Amino acid sequence: ERIEAYKRQLIAHGMEYREDHVLYGDFWEVPAMDAVNALLDSDLPKPDAICSANDSMAIAAIRVLKSRGYEVPGDVLVTGFDGIEDGKFNDPQISTCEPILEDVPDIVFDAIKNDTRTGEHKVSFRFIAKESCSCENENQLSDRQEIARLVENARQTSWQHSLLANMQLALDKYNQTVMFEVNI
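Each value, and the rule that gives it
Residues numbered from 1 in each chain as written. Predicted model: local features only at pLDDT ≥ 70, side-chain atom pairs only at ≥ 80, totals over all residues. Heavy atoms only, no water. Axes fitted to C-alpha atoms, helices over the stretch in contact; angles between N-to-C directions. Helix = DSSP H or I, 4+ residues; strand = E, 2+ residues; numbered from the N terminus. Parallel < 35°, antiparallel > 145°, perpendicular 65-115°, else oblique. Left-handed = near helix turned anticlockwise from the far one by under 90°. Contact = heavy atoms within 4.5 Å. Nonpolar A, V, L, I, M, F, W, Y, C, P; charged D, E, K, R; others polar. Buried < 20%, exposed > 50% of the residue type's maximum accessible area, 1.4 Å probe, protein only. Polar contact = N/O pair within 3.5 Å; in protein donor to acceptor, adjacent residues only side chain to side chain. Phe/Tyr/Trp six-rings, centres within 6.5 Å; stacked < 30°, edge-to-face > 60°. Salt bridge = Lys/Arg side-chain N within 4 Å of Asp/Glu carboxyl O.

Participant: When you look at the packing of helix H2 (residues 29-41) against helix H3 (residues 55-67) in this model, what are you seeing that I'm missing?
Facilitator: Each pair of packed helices can be described by the angle between their axes along with the distance between the axes. One way to put it is that H2 packs onto H3 with a least axis distance of 8 Å and a crossing angle of 45 degrees. As judged from the angle between their axes, H2 and H3 are oblique. At the point where H2 passes H3, the crossing takes the right-handed sense. Within the contact between the two elements, H2 uses Glu29, Ala32, Met33, Val36, Asn37 and Leu40 and H3 uses Met57, Ala60, Ala61, Arg63, Val64 and Leu65. Here the residues of the contact of H2 with H3 sort into nine nonpolar, one polar and two charged.

Participant: What am I meant to see in the side chain of Ser52 here?
Facilitator: Here Ser52 lies in the loop between strand E1 (49-51) and H3. Classification of Ser52 by relative accessible area gives buried; the value is 11%. A distance of 3.4 Å separates the side chain of Ser52 from the backbone nitrogen of Ala58, its partner in a polar contact. Setting aside anything within four residues of it in sequence, one finds Ser52 in contact with Met57, Ala58, Val78, Thr79, Gly80 and Phe81.

Participant: What is the right way to look at the packing of aromatic side chains in this model?
Facilitator: The way to describe two aromatic rings as a pair is by their centre distance and the angle between their planes. As enumerated under the stated definition, the model contains two aromatic pairs in all. Note on Tyr6 and Tyr17: the rings are 6.1 Å apart at their centroids and 75 degrees apart in plane angle, and the pair reads as edge-to-face. One end of the pair, Tyr6, is in helix H1 (residues 2-12); the other, Tyr17, is in the loop between H1 and H2, and eleven residues separate them in sequence. Seen from their ring centres, Phe81 and Phe125 are 4.6 Å apart, and the 35 degrees between their planes marks the pair as tilted. Within this pair, whereas Phe81 is found in the loop between strand E2 (77-79) and helix H4 (85-88), its partner Phe125 is found in strand E5 (residues 125-128), the two being separated by 44 residues in sequence.

Participant: How should I be thinking about the pattern of salt bridges in this particular structure?
Facilitator: As a working rule, side chains carrying opposite charge can pair if their charged atoms are close by. Across all of its chains, the model carries nine salt bridges by this definition. With a shortest N-O distance of 3.2 Å, Glu4 and Lys7 are connected by a salt bridge. Of the two residues, Glu4 and Lys7 are both situated in helix H1; the distance of three residues between them amounts to about one turn of the helix. Judged by its relative accessible area of 23%, Lys7 falls in the partly exposed class. When the shortest N-O distance is used, the salt bridge between Arg63 and Glu29 registers 2.5 Å. Here the residue Arg63 occupies a position in helix H3, and Glu29 occupies one in helix H2, the gap between them amounting to 34 residues. Looking at Arg63, the relative accessible area reads 39%, which means it is partly exposed. Since its relative accessible area comes to 35%, Glu29 is described here as partly exposed. It is possible to trace a salt-bridge network through shared partners that takes in Glu85, Lys88, Glu98, Glu102 and Arg126.

Dropping the structure here:
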């Protein structure tokens, strides 16, 4: 799905999609580093940008680029996708798309209410412009604001875990099995 979205966006912006420009980092660090090293060692032109399928691979790409003397975002722009916390503390911070998690409880409740036991339930994403794509980081926070944000994230995560645990207990109580998939 992510490769298809990549193709659509290239075409929509008048650029050519080339299969040989797609490398596979298997969604984690070591294969992503191998892929970027292979790209830089290949006969392909050096990239202007690397669009990673997740933030972990974007962080790995930046690590390789920097180790090979490239500036990010000066020489190569890098983006991620999934909005993990590590990307927020990377240097440079990762431009990414993060899931709109506020929608997840509604998705879960609708699935239960409508007895949707199987099927796909999609979570929307929002683009977060940060430093790795050379966007002005409008989200730059002071240290104090960042600590407050982290505390709030921890509180929200705790609340979400509690909510899901209570829902599971309620479902178990009635011996019901509800299965559905939330794609992030």
